[in-house]
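# Residue-level structural notes
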Amino acid sequence: MASDGFRPLDEKSLVEYLKATPSLAAKLGNQFDKLEIREVGDGNLNFVYIVIGSSGSFVIKQALPYIRCIGESWPMTKERAYFEATTLQDHGRLCPDHVPEVYHFDRNMCLIGMRYVEPPHIILRKGLISGIEYPLFAEHIAAYMARTLFCERAQALIHGDLHTGSVMVTNESTQVIDPEFSFYGPMGFDIGAFIGNLILAYFAQDGHADEGSDRKLYKEWILKTISDTWNLFYKKFTALWDEHKDGPGEAYLPAIYNNPELQLLVKQKYMEDLFHDTLGFGAAKMIRRIVGVAHVEDFESIKEASKRADCERKALNFAKTLLKERKKFQNIGEVVTAIEHLDK
């Protein structure tokens, strides 16, 4: 592995790397005596270090050529670091308010230096488990998806792993992280993955209810967030479509779609297909996160096995319905109604 310039860094060798990298050293004011370095990766795939100095801070993320929690017997492409850095940079140009800035990328070392999304930001999934409401979140995530997926075809540079564990939040801020599995693909993959994870969070709430909170009001907030996420995305995406309708794209040439009625019809059909794609991908994501290898903390943190099973069963039943009957749903309100009906 050393022959291609790659070597995994520990805390000691990381300091030497920072000293030798001007863009990162400058962020620390070239002061290295009192650095605070913490490894905060979940142990599954990557090394993730938080680096805090007297003059600045950032996160270092290094991809390994294998699955960290298993070892070298299960290889993984190091190119995912390149995909992540490129996507963060591209999406950051399109939506700088909700994507952390990249300060440095070393392709040989599979290493990214980026903005430290500092406390009180927490992973959204943990906030949902704790029953915390985020009043601006739907507006923020809809803006992120509308701006980063804006494209004139059903293909875009998508995040590839957009779920509630890939978003950090406060009441005022939303930051989307970890696009290491980004690729050019259908937009419904991202939107569906995210909405599917919100639905999983909804069905997990009964497992987190206690004497202090039955979580009923919080479940209503999650349903509202599901509706707002799609409806605001629709509004923002179609507004961008109208804004750029005379742009250089070739998907819907004005010479062919040459009157407002036809252009409106095309847009409505496109958004209808995108909505049904979103439901299909979202349902598939829900099923995979229940019966597949990678489970979600929303359910896994429910200590009582029978209660956890009840929550998972409801979510799985809804996901199966959503997957098989997605074309019957005409709007997100009908999806929310179906969730409420199954949950009675």
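By the naming in an unreviewed UniProt entry, the protein chain is Aminoglycoside phosphotransferase domain-containing protein, taken from Rehmannia glutinosa. Under the UniProt heading Sequence similarities (unreviewed entry), the entry covering the protein chain gives this text: "Belongs to the methylthioribose kinase family."

## Considerations on the overall build of the protein chain
Broken down by element type, the protein chain carries eleven helices and twelve strands. Relative to the 2.2 N^0.38 estimate, which gives 20 Å for 344 residues, the radius of gyration of the protein chain is 22 Å and therefore close to what a compact globule would have. Along the first, second and third principal axes, the C-alpha set of the protein chain runs to 60 × 60 × 40 Å. Residue burial in the protein chain is summarised as follows: out of 344 residues, 49% are buried.

## A word on the pairing of strand E5 (residues 71-75)
In this sheet, E5 lies alongside strand E4 (residues 66-67) in antiparallel orientation, the contact comprising two bridges. Bridging across to E5, Tyr-66 finds its partner in Pro-75. Hairpin connection of E4 to E5: three residues between the antiparallel strands.

## A word on the sheet that holds strand E3 (residues 57-63)
As summarised here, the arrangement of the five strands in space is E1-E2-E3-E7-E6, forming an open sheet in which the pairing is antiparallel. Strands with a single pairing partner mark the edges of an open sheet, and in this sheet they are strand E1 (36-39) and strand E6 (102-106). Taken pair by pair, the neighbouring strands of this sheet meet at an average axis angle of 15 degrees, ignoring direction. Both E1 and strand E2 (residues 46-52) contribute to a ladder of four bridges, which runs antiparallel. Bridge pairing links Glu-36 to Ile-52 in E2.

## Observations concerning unusual backbone geometry
Along the chain, Pro-119 connects to Pro-120 via a cis peptide bond; the corresponding omega equals 15 degrees. Residue placement: Pro-120 occurs in the loop between strand E7 (111-114) and strand E8 (122-123). Residue Asn-30 is not a glycine yet carries a positive backbone phi of 55 degrees. Inspection of the secondary structure assignment puts Asn-30 in the loop between helix H2 (22-27) and E1. With a phi close to 65 degrees, Arg-215 is a non-glycine residue in the positive phi region.

## Topic: the environment of Phe-189
Note that Phe-189 resides in helix H6 (residues 187-208). We classify Phe-189 as partly exposed; its relative accessible area is 23%. Residue contacts for Phe-189: discarding those within four places in its chain leaves Ile-158, Gly-160, Phe-183 and Phe-281.

## Quick notes on the sheet that holds strand E11 (residues 174-176)
Across the sheet, three strands lie side by side as E8-E10-E11; this open sheet has antiparallel pairing. The outermost strands of the open sheet, each flanked by one partner alone, are E8 and E11. Sheet analysis places strand E10 (residues 167-169) next to E11, joined by three bridges and oriented antiparallel. Opposite Val-169, over in E11, you have Thr-174 as the bridge partner. With respect to the sheet, helix H5 (residues 137-148) is in contact with E10 and E11, its orientation differing from that of E11 by roughly 35 degrees.

## Digging into the pattern of salt bridges
If the charged atoms of two oppositely charged side chains come close together, the side chains can form a pair. As enumerated under the stated definition, the model contains 19 salt bridges in all. For the salt bridge of Glu-118 with Arg-115, the shortest nitrogen-to-oxygen distance reads 4.0 Å. For Glu-118, a relative accessible area of 33% puts it in the partly exposed group. For Arg-115, a relative accessible area of 24% gives the class partly exposed. Note that Asp-298 is salt-bridged to Arg-125, the shortest N-O span being 2.6 Å. Here Asp-298 is found in helix H9 (residues 297-300), whereas its partner Arg-125 is found in helix H4 (residues 124-130), with 173 residues between them in sequence. You can call Arg-125 buried: its relative accessible area is 5%.

## Side note on the packing of H6 against helix H10 (residues 305-325)
Where H6 meets H10, the axes come as close as 8 Å, and the angle between the chain directions of the two elements is 150 degrees. Taken together, the axes of H6 and H10 are roughly antiparallel relative to one another. Relative to H10, H6 is oriented so that their crossing is right-handed. Residues Ile-199, Leu-200, Phe-203, Ala-204, Asp-206 and Gly-207 of H6 touch H10, and the partners they reach there are Lys-307, Cys-311, Lys-314, Ala-315 and Phe-318. A per-class count over the contact of H6 with H10 returns seven nonpolar, one polar and three charged.

Quick notes on the rules
- Residues numbered from 1 in each chain as written.
- Predicted model: local features only at pLDDT ≥ 70, side-chain atom pairs only at ≥ 80, totals over all residues.
- Heavy atoms only, no water.
- UniProt positions renumbered as here; feature names shortened; annotations may be inferred.
- Helix = DSSP H or I, 4+ residues; strand = E, 2+ residues; numbered from the N terminus.
- Rg over C-alpha atoms; globule rule 2.2 N^0.38 Å.
- Buried < 20%, exposed > 50% of the residue type's maximum accessible area, 1.4 Å probe, protein only.
- Pairing = 2+ DSSP bridges.
- Axes fitted to C-alpha atoms, helices over the stretch in contact; angles between N-to-C directions.
- Contact = heavy atoms within 4.5 Å.
- Salt bridge = Lys/Arg side-chain N within 4 Å of Asp/Glu carboxyl O.
- Parallel < 35°, antiparallel > 145°, perpendicular 65-115°, else oblique.
- Left-handed = near helix turned anticlockwise from the far one by under 90°.
- Nonpolar A, V, L, I, M, F, W, Y, C, P; charged D, E, K, R; others polar.

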